[in-house]
Amino acid sequence: MKKSILWMAVAILTCGLAFTACTVEDNPNPEPLGKQPVVIDFASLVEKYANKTKITISDAVVENVGTCSIVDGQLSDGSGTASEEIDPHFALQTGTNWILYTSGGLYSMNGGGRSFGILDCEAGNTVTIEVTAAPTLTKGSAELVSNDGEVYVYNVTEAGNLIFSLARYNTIKKIVIE
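Conventions we followed
- Residues numbered from 1 in each chain as written.
- Predicted model: local features only at pLDDT ≥ 70, side-chain atom pairs only at ≥ 80, totals over all residues.
- Heavy atoms only, no water.
- Helix = DSSP H or I, 4+ residues; strand = E, 2+ residues; numbered from the N terminus.
- Buried < 20%, exposed > 50% of the residue type's maximum accessible area, 1.4 Å probe, protein only.
- Contact = heavy atoms within 4.5 Å.
- Areas by Shrake-Rupley, 256 points an atom, 1.4 Å probe, with all protein chains shown as cover.
- Phe/Tyr/Trp six-rings, centres within 6.5 Å; stacked < 30°, edge-to-face > 60°.
- Polar contact = N/O pair within 3.5 Å; in protein donor to acceptor, adjacent residues only side chain to side chain.
- Salt bridge = Lys/Arg side-chain N within 4 Å of Asp/Glu carboxyl O.
- Pairing = 2+ DSSP bridges.

**Regarding the overall build of the chain**
So, step 1. Secondary structure assignment for the chain yields 2 helices and 13 strands.
So, step 2. Burial status across the chain gives 34% buried among its 178 residues.
So, step 3. Across the chain, the fraction of contacts at a sequence separation of at least 24, relative to all contacts at a separation of at least 6, is 66%.
So, step 4. When the accessible surface of the chain is totalled, it reaches about 10300 Å², and 55% of it is carbon and sulfur.

**Overview of the packing of aromatic side chains**
So, step 1. Evaluated as defined, the whole model comprises 5 aromatic pairs.
So, step 2. When the centroid spacing of 5.3 Å and the interplanar angle of 15 degrees are considered together, the rings of Phe 116 and Phe 164 count as stacked. Of the two residues, Phe 116 sits in strand 9 (residues 114–121) while Phe 164 sits in strand 12 (residues 151–166), which places them 48 residues apart along the sequence.
So, step 3. One aromatic cluster in this structure is built from Phe 42, Phe 90, Phe 116, Tyr 154 and Phe 164.

**Overview of the side chain of Asn 170**
So, step 1. Relative to the helices and strands, Asn 170 resides in the loop between strand 12 and strand 13 (171–177).
So, step 2. A relative accessible area of 10% means that Asn 170 is categorised as buried.
So, step 3. Of note is the side chain of Asn 170, whose polar atom sits 3.2 Å from the backbone oxygen of Arg 168.
So, step 4. When sequence neighbours within four positions are dropped, the list of residues in contact with Asn 170 reads Leu 106, Tyr 107, Ser 108, Thr 132 and Ala 133.

**Digging into the pattern of salt bridges**
So, step 1. The final tally for this structure, using the stated rule, is 3 salt bridges.
So, step 2. As a salt-bridge pair, Glu 84 and Lys 48 come within 2.7 Å of each other at their nearest N and O atoms. One end of the pair, Glu 84, is in strand 5 (residues 81–85); the other, Lys 48, is in helix 2 (residues 42–48), with 36 residues separating them in the sequence.
So, step 3. Here Glu 84 falls in the partly exposed class, since its relative accessible area comes to 24%.
So, step 4. A residue is classified by how much of its surface remains accessible, and Lys 48, at 37% relative accessible area, is partly exposed.

**Concerning the pairing of strand 5**
So, step 1. Sheet topology places strand 4 (residues 65–74) next to strand 5; 4 bridges connect them, and they run antiparallel. Looking at the pairing, Ser 69 lines up with Glu 85 of strand 5.
So, step 2. From the end of strand 4 to the start of strand 5, which pair antiparallel, there are 6 residues, and Gly 78 there has a positive phi angle of about 75 degrees.

**Some thoughts on unusual backbone geometry**
So, step 1. Residue Asn 64 is not a glycine yet carries a positive backbone phi of 65 degrees.
So, step 2. For Asn 64, the position within the fold is in the loop between strand 3 (56–57) and strand 4.
So, step 3. Among the residues examined, Asn 64 registers a relative accessible area of 41% and is labelled partly exposed.
So, step 4. With a phi close to 60 degrees, Asp 120 is a non-glycine residue in the positive phi region.
So, step 5. Tracing the chain through its elements places Asp 120 in strand 9.

**Comments concerning the pairing of strand 13**
So, step 1. Judged by how many residues are buried, strand 13 sits mostly within the fold: 6 of 7 residues are covered.
So, step 2. Alignment of strand 1 (residues 38–41) against strand 13, held across 4 bridges, turns out to be antiparallel. In the sheet register, Asp 41 faces strand 13, and the bridge partner there is Lys 174.
So, step 3. Two elements, strand 8 (residues 105–108) and strand 13, share 2 bridges in a ladder whose sense is antiparallel.

On their own, these measurements won't tell you what the molecule is for.
So, in C-alpha cells, the structure goes:
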C-alpha cells in the first residue's frame, strides 16, 4: 500500500511539472524577427546618454561599413556608464567618427560625406529614415517613394544591403525597417 501511494505521488508531481514547466511567456518573441519592424531610434539614445557620446564601429561587415555599439557611454543623468549594441541591421563607414549629439540623433563628425548602411533588406521592405538632409543612395536597390521634410521613405526593390552617403553636419534621428 505504501509503495502504491508513493508511486502515485511521484506520478502526480511529474504530471504537474509537465503542465507548468512550459508556458507562452517562456518565448518572449514568438514572431520571427523578419515579421516585426526594426526601429533604430537615435533620438532616444541622445536622451539616455551624455552629449557627444561616441559610437564604436566594428570592422567592415560589407561595403566598407561595420556594425555599431556604445561602449561605456556616460549616462545623461550622471548615474554611471552603460554599453549597448545598436541593431545589427545598421552599419556605419569604418574609420569615421559619429557621436550622439544634441542635434537630436547620430551626428557625422567627419570632413565630408560618409556612408551608413541598412543591412540584409528584403525586397518589399520599407525603409524610413528621419534625417536632417537627404541621404544619397550609393549602393543597393530601392526607390524613394516619399519625402516629407526630414522623413525619407524608400521601397526596397531587390534584396541586399542599402548604402547611403550623408554629408557632414547632418543628423540621423531614426530609422524604421518594415
